[in-house]
Amino acid sequence: MKNIISNTYSRKFRGISTFESEAESIYFLLPFKFHSISIDREVLVNEIGDYLIVPQGTAKAIVHREIDFSSNLYRDLVANFFISPTPVPELLNVISTRYRTKKKSLGSFTSLHIFVVTLRCNHSCHYCQVSRAAESKSEFDISYKDLDAGINHMFLSPSEELTVEFQGGEPLLAFDKVRYAVERIQLLNEDFKKEISYVICTNSTILNDEILLFCKNYNILISTSLDGPAFIHNANRFKSGRASYDLVIEGIDRTRQALGHDKVSALMTTTALSLKYPKEIIDNYVENGFGNIFLRPISPYGFALKNQKKNHYQTAEFLDFYKQGLEHILNLNAQGVFFKEDYTSIILQKILTPFTENYVDLQSPTGLVSSVIVFNYDGFVYASDESRMLAEIKDYTFQLGHVTQPYEELFLGDKAKQILNNGVAECLAGCSDCAFLTYCGADPVLHYATQNDMQGHRAFSIFCKKNMEIIRYLFEMLDIRKGYVESTFQSWIHKPAA
Amino acid sequence: MDVLASTDELLQFIVNEDIYSETVIFKTIYWLAPIASFDILKFPPKSFLITARPNTASFSEEIKKEIEIQLRKGLVDFKVRDLINQETSSVRSMIIAKAFDNDGFLDIEPQSQISDPIGFDPTR
Amino acid sequence: MMELRSKGKPLSFTQPIIGRITYGLAAESSILIDHSLDNTDVSDGYLAVLTKRSVTTHLSPIIHSIPSIQPLSEGDVIMMLPNGIIQTLFRVNSLDNTLFTTDRCNSNCLMCSQPPKDIDDIEYYYNVNHQVISLIPSTTEIIGITGGEPTLLGKRFFDMISHINRKLPATTIHILTNGRSFAWKNFTTRFESVNSSNLVLGIPLYSDYYLDHDYIVQASHAFNQTVLGLHNLASIGARIELRVVLHKLTFKRLPELAKFIFLNLPFVEQVAFMGLEYTGYTPHNDKLLWIDPLEYADELDIAVTYLNNNGINVSIYNHPLCLLPKPMWRFSVKSISDWKRHFLPKCDSCLVKADCGGIFATSRKVSLNINPQ
Ligand code: SF4
Ligand code: SF4
C-alpha cells in the first residue's frame, strides 16, 4: 500500500495540466447500455440509471477509445460513471450505494395486501371479467374465517408499512366484511405497530353516511372508478337504473365533503372507445378536481387474451392515446394547472432521480408476491389482481394456494419461487441488453397470459412494446424540449397530486 | 456482412465470424423474429450463414430492405454491447457485490494520499 | 484570522490570558474593563484588567493605556497577549463566532481567503479553544469551527467536539472542512461517536469532474476523497451543507454539478452558492478566477432551479442582488458573516439594500456592474 501521507509538498500553485498529466492517459469502461432515441440521437444509461443523451455513434466511439480527454463529453462520461480513469473506479462505494438505493424494493417484502371481499357488483361493465351481477348472492363473499387467515398472513409480512386494499366486485356490497377486517386489523396492530393505510376501490355509487363515517374514523382512502365524460363512462359501465356517471360524481362529491378533497382518487379503465378521447377524459378529470390520471392500456386479460395481432394493434393505438394525452397534460401545466400522469411520473422518477418507485409492473425482480398479494373471495391466494382474473377463466397458474395454508407455503413456496425466477428482467433475453432495464420491469403474469410463457419473447411482448416506446419518447422529450418540459416533469416527481 | 441470396422466399447473408460472434448474431436476430424466421449455420472456413424466411407467404421488397438494414445496425450495436459487457463484467460484479455487502467486508479504503505537509494520518 | 484587536501596554503577565469580559461583577475567569481606574489595585476576584488609563504597577495581569478599545460586551471572551494585544475570541451578541483551529491545511485552494501555513499549531489553538469553550454561555446559538482544515487535529478534533457537546449541549456547531479525512471509514466512525443533530458540516465541492475540483483545491485525489467522505458521513446520518464558490473555474459546469449533487449526494441538507471573496490567494490568482457575476448568471440559474425543483435547499450567499437574475433573488441569503457584509456608496440609494448579500468587506475588487435597483 502506498503511504497516504505525502511529504513532497509545496504551496506553489500547479496548473491544470499538471493534474491532467498525473492522471492516466487511458480510460476504462464502466457498465452501461445504450438505445437509439431518434435518427441522430442515442441515450446512454449506466448501471444505476443515470443517463446522457448524445449523438448516435457515441457508445461506439467510447468503446473504441475515441473520446477526447479535453472534451466536455469526456468530463460528462467520467462524472456520470460511464467511464473511469482507473480500472476500478475510486468511487466504487458511491456507485454501489446508488445501486442499492435503486433496488430498494428488494429490502422490503409484501406491503400491498388486496382483499377481494366479494365478487358481487351492481354494475355489469363489459370489460369486467370477474364480477357477478347478482347483488344478493352472498356465496360470492369472503368468509370471516378466510379474512382472519389473510389478516394473520399479512401481519407476518416483514414490511413495516402495509397497505390494505379492499376490492370486488363492489366491496361496499359486503361492507360488513370491510368493517370487520379493518376493526380486526386495528385491534391486532396494537401489538404489531405497523404503519397501515387502507383503500377501498369502489364505484362510489352506494356510499352512505355510515360508510363515510367509518372511512373518516379509520382514515380510509376511496379509490373510485371514473372513465371520463358521461358518454364514455356510461358506455363502459353499464348499470340498470340511474346512469353510473351521475352516481359516481355524486359519490365523489359526497366523499370529498365527508373525508376531504385528497381522500378520493380515481382510476380509469381504458377501452377501445376511450382510446379516441384522450383530451376529453383528461379534461373531465381536471373538471372533477383531480390532480392526476393514470393512463392505462386496455387490459389484455379478456377473452381475446392470446390474440397477438389484436393486442399489438391496441398497444399501438394506446401509445398514440398516451402521447396525445401527455401532450395535452403538458399544455395544461403550461397554463398553470398542476396535473400529472401517474405512469409517466413513476418512470420519470426512475430516470430523473436516484430513487425508485415500487410500482409492481415496473419492478425487477418482479413485485408480484414480493410487494403485492391478493386474497380472493373464495380464500385462494394470488400473485396479483391480474392473476385472479386468469383464474376466472380457469387458469390457476398464479394461484399460490389457499389462505388456510401456512405462510411459508404461500409466500415462499414453489409457485412463488417460479414466478420470481421468471421475473428478473436482468436475466431475460432482450431485457438483459436493454438500456431501459433500470426503468422497466418484468411481468410474468402478462407474458404468460399473452404468450403462454412467463418469460415471453420481448419482440412479441406488448409489455415491452409499450414500455420501450414510452421510455424512448420521454427521453426524446427530455432531449429536444428540455427547459419547460423537464421542470414540469420534475414537479410531477416531487409534488403530490392536488 | 454480405448478401448471398435475396428472393421473395429467402434472404441469406454471410457474416465474418472474426468480426461478429454467434452471440452477437443471435441477439440481433432475436428482435427481428416478428418480421422473419431465422437460421444460423456455420459457413466454413470463417463465416456464419444467416438465412431469413418469411413468416407469411413471401417477403415484400420493403421487408427485405428492412431486414437488411436492421441486421446491419443490430450487428454493429450488439457488438458494441458485447464489448462493453466483456470489459465491464468484473466491475459490474464488484458494484453489485458491494451494494449488498451490509457488513462492510468489501469496503475499500482510499489508496490515495491525504497530502497534509505536517503528516496527518486519518487512519490512525 | 479576521477578528477585532486592540493593543495596549502589558503588565504583570508573561503567558496569554483568556477570560470573560465584565464591567463590574467579579466571577471566575473574568477580565474587568475599567477606564476610571486609578493606581489602586482592583484585581480582587478578577483574573485580569483592561483599561485606557495609564498604570505603573499592578499586582495582577493588566493591559493599560489602550488608546482605543474595540466594543466589548459583558461576557465576550478575549485573549490578552504578553505583547499587549487584545484579541476578541467570542462575542456574546454575534451569531458569527468561530473557533479557529489551525493554519494547517491539506488542500491549497486557488481562492483561499485565508492561506494555510505549514506549521504545527494544533496544540496551541486547541488549548486556546478549550478555554474559550469553557467560558462561553450555554445559551450560545451557534458556533463555527474553522481553519485551515479542522480534521487535521486528529484526536484533538474529536476532543474539541465532545468538549463543546458537554459544555454547550444546545449550541449548533458548524464545522468548515474539506471533508477529505472522512473518506477513511475509521475517521468517520470516530466522528460518529461525537456527532449529534446539533452538528453541521460545511463541505465545499467545486465540480462534478474530479480533475477540475482537484485543480481548484490544488490537491490530487481531493475530489474522490471528499465525495467518499460525504457518503461515509451520510451513512452515519451527519448533517451536511455543500458549498460552491462561484468563479471562473467553477461556473461552466454548475448545471452538471447540480445534477451530480442531486443524483449522488441527495442527502445534503443544503447547497450554498457563494460569491468570490477577493482576498487571500484570490488577488494573486485573479486571472484564473475573476469573472463578473453577470457572466455566470445563466449557469447559476440553471443549477439553482434544478436543485430547487428536486427538493434540495439552495441558498446564494454573499452575493449582490443586482448581479443576480431576478428569479434567483428568493434564494439569496444576506450573509453567513454579518461583519463580512459590505456595500458601496452607491448602494445607499438602492431599494433592496436591506435584503442584499452585498459584497465582502474583505474584497478588494468588485464588479463594475453593481447598480442600485
Ligand atoms: S421489456 Fe423491453 S423495454 Fe423493458 S427492459 Fe425489457 S427489452 Fe427493455
Ligand atoms: S446596488 Fe448595492 S445594495 Fe443594491 S443590489 Fe447591488 S450590491 Fe446590493
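Remember, predicted model here, so these are calculated numbers, not experimental data.

Caption draft 1: Broad picture of the overall build of chain A. Tallying secondary structure elements over chain A gives 18 helices and 15 strands in all. At 25 Å, chain A has a C-alpha radius of gyration in line with the 23 Å of a compact globule built from 498 residues. Looking at chain A residue by residue over its 498 residues, the buried ones come to 60%. At a minimum sequence separation of 6, the contacts of chain A that also span at least 24 residues come to 69%. Of the roughly 19700 Å² of accessible surface on chain A, 53% is carried by carbon and sulfur atoms. Charge centroids of chain A, computed over 50 positive and 58 negative side chains, lie 2 Å from each other.

Caption draft 2: How the structure looks around the site of ligand 2. Neighbouring ligand 2 are P320(C), L321(C), C322(C), F343(C), C347(C), C350(C), V352(C), K353(C), C356(C), I370(C), N371(C) and P372(C). Tallied by class, residues from the shell around ligand 2 come to 10 nonpolar, one polar and one charged.

Caption draft 3: How the structure looks around the domain arrangement of chain C. Residues and elements named next belong to chain C. What the domain assignment reports for chain C is domain 1 (5-89) and domain 2 (98-360). Spacing between the C-alpha centres of domain 1 and domain 2 amounts to 35 Å. Tallying the contact residues gives eight residues for domain 1 and seven residues for domain 2. Of the roughly 660 Å² buried at the junction of domain 1 and domain 2 (both faces included), carbon and sulfur atoms supply 70%.

Caption draft 4: Quick look at the interface of chain A and chain B. With 44 residues of chain A in contact, the opposing surface of chain B contributes 38 residues. Our count for the chain A to chain B interface comes out at three salt bridges. Two residues, E47(A) and R92(B), come together in a salt bridge whose shortest N-O distance is 2.7 Å. The tally of links between chain A and chain B comes to nine residue pairs in polar contact (both at pLDDT 80 or more). Elements represented by at least two residues in the side of chain A that touches chain B include exactly β2 (32-36), α2 (58-63), α4 (92-102) and α17 (462-480) of chain A. When residues in the side of chain A that touches chain B are grouped by element, the largest group, six residues, is from α4(A). Split by residue class, the side of chain A that touches chain B holds 23 nonpolar, 10 polar and 11 charged.

Caption draft 5: Molecular detail of a nonpolar patch on the surface. Residues V88(A), M94(B) and I108(B) make up a contiguous nonpolar surface patch of about 200 Å² in total accessible area. Tracing the chain through its elements places V88(A) in the loop between β5 (83-84) and α4.

Caption draft 6: Focus on the interface of chain A and chain C. If you look at the interface, chain A gives 37 residues, while chain C gives 40 residues. Where chain A abuts chain C, roughly 3300 Å² becomes buried across the two surfaces, and 55% of that area is made up of carbon and sulfur atoms. Taken as a group, R11(A), F13(A) and F19(A) account for 23% of the area that chain A buries against chain C, more than any other trio of residues on that side. Along the contact surface separating chain A from chain C lie three salt bridges. Notably, a salt bridge pairs R75(A) with D212(C), separated by 3.0 Å at the nearest N-O pair. Our count for the chain A to chain C interface comes out at 14 residue pairs in polar contact (both at pLDDT 80 or more). Those elements that place two or more of their residues in the side of chain A that touches chain C are α1 (16-22), β4 (51-55), α3 (72-79), α4 and α18 (482-494) of chain A. Counting residues per element, the side of chain A that touches chain C draws most heavily on α3(A), which supplies six residues.

Caption draft 7: View of the site of ligand 1. Lining the immediate environment of ligand 1, one finds C431(A), C434(A), L437(A), C440(A), R458(A), F463(A), C464(A), M468(A) and W31(B). Residues within reach of ligand 1 are spread across chains A and B.

Caption draft 8: Local environment of the packing of α4(A) against helix α2 (residues 61-99) of chain B. Between α4(A) and α2(B), the shortest axis-to-axis distance is 8 Å and the interhelical angle comes to 65°. In this view, α4(A) runs roughly perpendicular relative to α2(B), as classed from their interaxial angle. For the crossing formed where α4(A) meets α2(B), the hand is right-handed. For the pair formed by α4(A) and α2(B), the contact residues are L92(A), N93(A), I95(A), S96(A), Y99(A) and R100(A) on the first element and M94(B), I95(B), I96(B), K98(B) and A99(B) on the second. Residues of the contact of α4(A) with α2(B), tallied by class, amount to seven nonpolar, two polar and two charged.

Caption draft 9: A look at the sheet that holds strand β13 (residues 372-375) of chain A. Residues and elements named next belong to chain A. What the eight strands build is an open sheet, ordered β10-β9-β8-β7-β6-β13-β14-β15; its pairing is mixed. Across the chains shown, the open sheet's two edge strands, defined by having one partner strand only, are β10 (264-267) and β15 (399-402). The sheet shows a mean angle of 25° between the axes of neighbouring strands, taken without regard to direction. As paired elements, strand β8 (residues 195-202) and strand β9 (residues 221-225) share four bridges and run parallel to each other. If you follow I200 over to β9, its bridge partner there is I222. Here helix α9 (residues 244-259) sits on the sheet and contacts β9 and β10; the angle it forms with β9, its principal contact strand, is near 170°.

Conventions we followed
Residues numbered from 1 in each chain as written. Chains lettered and ligands numbered in written order. Predicted model: local features only at pLDDT ≥ 70, side-chain atom pairs only at ≥ 80, totals over all residues. Heavy atoms only, no water. Helix = DSSP H or I, 4+ residues; strand = E, 2+ residues; numbered from the N terminus. Rg over C-alpha atoms; globule rule 2.2 N^0.38 Å. Buried < 20%, exposed > 50% of the residue type's maximum accessible area, 1.4 Å probe, protein only. Contact = heavy atoms within 4.5 Å. Areas by Shrake-Rupley, 256 points an atom, 1.4 Å probe, with all protein chains shown as cover. Lys, Arg positive; Asp, Glu negative; His and termini not counted. Charge placed at Lys NZ, Arg CZ, Asp CG, Glu CD. Near = heavy atom within 4 Å. Nonpolar A, V, L, I, M, F, W, Y, C, P; charged D, E, K, R; others polar. Domains from an automatic or database assignment. Buried area = accessible area lost by both parts, 1.4 Å probe. Salt bridge = Lys/Arg side-chain N within 4 Å of Asp/Glu carboxyl O. Polar contact = N/O pair within 3.5 Å; in protein donor to acceptor, adjacent residues only side chain to side chain. Patch = residues over 30% accessible without salt bridge, like charges linked within 9 Å, V, L, I, M, F, W, Y side chains within 5 Å. Axes fitted to C-alpha atoms, helices over the stretch in contact; angles between N-to-C directions. Parallel < 35°, antiparallel > 145°, perpendicular 65-115°, else oblique. Left-handed = near helix turned anticlockwise from the far one by under 90°. Pairing = 2+ DSSP bridges.

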